[in-house]
Amino acid sequence: MRPYWLEQALAAESCTPCEPLAGDDRADVCIVGGGYTGLWTAIMLKQQNPELEVLLIEADICGAGASGRNGGCALSWSAKYFTLERLFGVEEAVRLVKESERSIHAIGAFCEEYAVDADYRLDGTLYTATNRAQCGSTDAVIAALERNGINSFTQRPVADVQRMAGSSKHLEGWFSPAAASVQPGKLVRGLRRVALQLGVRIHENTAMTGLVEGKPAGIKTPNGTVRADRVVLAMNAWMARAFPQFERSVAIVSSDMLITEPRPDLLNEIGLTSGVTVLDSRIFVHYYHNTPDGRIMLGKGGNTFAYGGRMLPVFDQPSPYAGLLQHSLSEFFPAFAKVKVEATWNGPSDRSVTGLPFFGQMSASGNVFYGFGYSGSGVGPCHMGGQILASMVMGLDNAWTRSPLVNGPLGFFPPEPIRYLGSLMVRNAIRRKERAEDHGHRPRHLDVRLAKFAAAAGKADKG
């Protein structure tokens, strides 16, 4: 089963899959992974150096991983400012917030330039509170953005927030115009088309079965080998299984989504008529937006945890949390309580300790580069990931290659089974804490303390 977005995108295109690799091949750069990170890197390399021989292999079809099944919320890093400042200092934190907002606009400009119909709508985002305990939780980070002259958020009157968000469940809200919504499957398939157009050679249904370090490096696949001067590993959540040194650098956890049948009449009735993305202030956040054809997509993070970073069969099935999602849908939108749910799905998200991706070089020969750990917020930041990896591959000396983002993982989870058992304990404490807050009760002290272990999972830093 393909997730809804990817199925819709595939139905709208007429191209055939790229042939699997057969035999031995040679390239200047071999990219492993045909999602946003791999495709942006390939495109940026060809844009900067059209003569470069770039070959990309993908184990399934381009977009089959997180890129074709995420929530379609293209967000900046502005609300993660405290994390950025703590890790990288004020100057780099300010630069990264600006760059992350620039990437949102750049994705739209790219779609326009190359006629990629990805339902890109630059309609901004609302960070909201849905219970009294969440009210004021975003104030401190927005004050810090304001102090540094990089704040794009304004607090809106509650009536405005409820109207824009289409729901009276929101008790406060901050709006930023520097965010967009996209149909993620159409975006990744559009990137694939442009990459091919620019001369990137793509082999789908070609898994990497081994990496032989050296100059050139060798990428083994089931039916052939690629020898390449430089290699980019853009495998996201799959990195943790392929390379033992990264097993503890991410925790694999699902984000689960549903999408309704089209009801533009009801959207007009409730006022959710723009492409604004809406996120509440939970740690495992609710997020939603409408679609141009009149549906609501609603998702929630932090549900299924994978032991040892394994890719579970459930990640390719309808969401086991469909009931929970449906309950959230009817709580936010009573008018949609009886509306048919067209599809549910989920997928693996690679959560890093910091909630930010990391990049680096991992070969003694100095020619194997990687980047992953987007932590459930990759639509916008993968565009930055492409710039980082393309800069590293080209050996450039620029703000990206000098950034501490390229220093590899900035923290590790405990080994198994502690990571898995701890994840479940923290997840359940968060659920109890947020349930208590929803009912206006004071959560247990232990649940509050345990929930702090997952602070990096939230979309916005709390003061």
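Look up: the structure comes first, before these words.
Calculation rules
Residues numbered from 1 in each chain as written. Predicted model: local features only at pLDDT ≥ 70, side-chain atom pairs only at ≥ 80, totals over all residues. Heavy atoms only, no water. Core = buried A, V, L, I, M, F, W, Y, C linked by side-chain atoms within 4.5 Å. Buried < 20%, exposed > 50% of the residue type's maximum accessible area, 1.4 Å probe, protein only. Pairing = 2+ DSSP bridges. Helix = DSSP H or I, 4+ residues; strand = E, 2+ residues; numbered from the N terminus. Axes fitted to C-alpha atoms, helices over the stretch in contact; angles between N-to-C directions. Contact = heavy atoms within 4.5 Å. Disulfide = S-S within 2.5 Å. Expected span 1.5 Å × (residues − 1). 1 Å grid on protein atoms, 1.4 Å probe; cavity = no way out; pocket = protein on both sides within 12 Å on 5 of 7 lines; lining within 4 Å. Points joined across faces, edges and corners; volume = space filled by probe spheres on them. Nonpolar A, V, L, I, M, F, W, Y, C, P; charged D, E, K, R; others polar.

Peer 1: Before we go on, may I ask you to explain the nonpolar core in this structure?
Peer 2: Y81 and L187 are the most contacted members of the largest nonpolar core, which has 78 residues in total. Within the second largest apolar cluster, 29 residues are counted, among which are L21, M208, A228 and M239.

Peer 1: Sorry, what's going on with the sheet that holds strand 16 (residues 341-352) here?
Peer 2: To summarise the sheet geometry, strands pair through backbone hydrogen bonds and adopt either a parallel or an antiparallel arrangement. Taking strand neighbours across the sheet as the criterion, the eight strands line up as 5-6-4-13-14-15-12-16 in an open arrangement whose pairing is mixed. Edge positions in the sheet fall to strand 5 (154-156) and strand 16, since each of these pairs with one other strand and no more. Adjacent strand axes in the sheet meet at a mean angle of 25° when their direction is disregarded. Examined bridge by bridge, strand 5 and strand 6 (residues 172-176) share three bridges and lie antiparallel to one another. By the bridge assignment for strand 6, Q155 is matched with W174. Strands strand 12 (250-260), strand 14 (286-290), strand 15 (296-305) and strand 16 of the sheet are contacted by helix 1 (residues 4-11), whose axis makes an angle of about 115° with strand 16. On the sheet, helix 10 (residues 322-332) packs against strand 12, strand 14, strand 15 and strand 16 and is oriented at approximately 140° with respect to strand 15.

Peer 1: Sorry if this is basic, but what is going on with the state of the cysteines here?
Peer 2: A covalent bond between the sulfur atoms of two cysteines is what we call a disulfide. Applying the stated criterion across every chain, the model contains zero disulfides. In this structure C73 is a free cysteine whose sulfur lies 14 Å from that of C382, the closest cysteine sulfur available. C73 sits in the buried class, given a relative accessible area of 11%.

Peer 1: Would you mind going over helix 4 (residues 90-113) with me for this structure?
Peer 2: Given 3.6 residues to a turn, an α-helix orients residues that are three or four positions apart in the same direction. Between the first and last C-alpha of helix 4 there are 34 Å, a value that for 24 residues agrees with the 34 Å anticipated at 1.5 Å per step. Once helix 4 ends, the next one or two residues include A115, with phi positive near 50°.

Peer 1: Can you walk me through empty space enclosed by the protein in this structure?
Peer 2: Empty space among the atoms can be located by rolling a probe the size of a water molecule over them. On inspection of all chains with the given rule, the structure shows four cavities of 30 Å³ or more. Estimates place the volume of the largest cavity at around 130 Å³. Lining the largest cavity are 15 residues, and of these K80, G355, S377, G458 and K459 sit closest to its centre. For the lining of the largest cavity, the class distribution of residues is seven nonpolar, five polar and three charged.

Peer 1: Please clarify how the environment of A144 should be interpreted in this entry.
Peer 2: Note that A144 resides in helix 5 (residues 139-147). By relative accessible area, A144 is classed as buried at 0%. Along the sequence, A144 and A79 sit 65 residues apart, while their C-alpha atoms lie 9.8 Å from each other. Setting aside residues no more than four positions away along its own chain, A144 makes contact with Y81 and F82.

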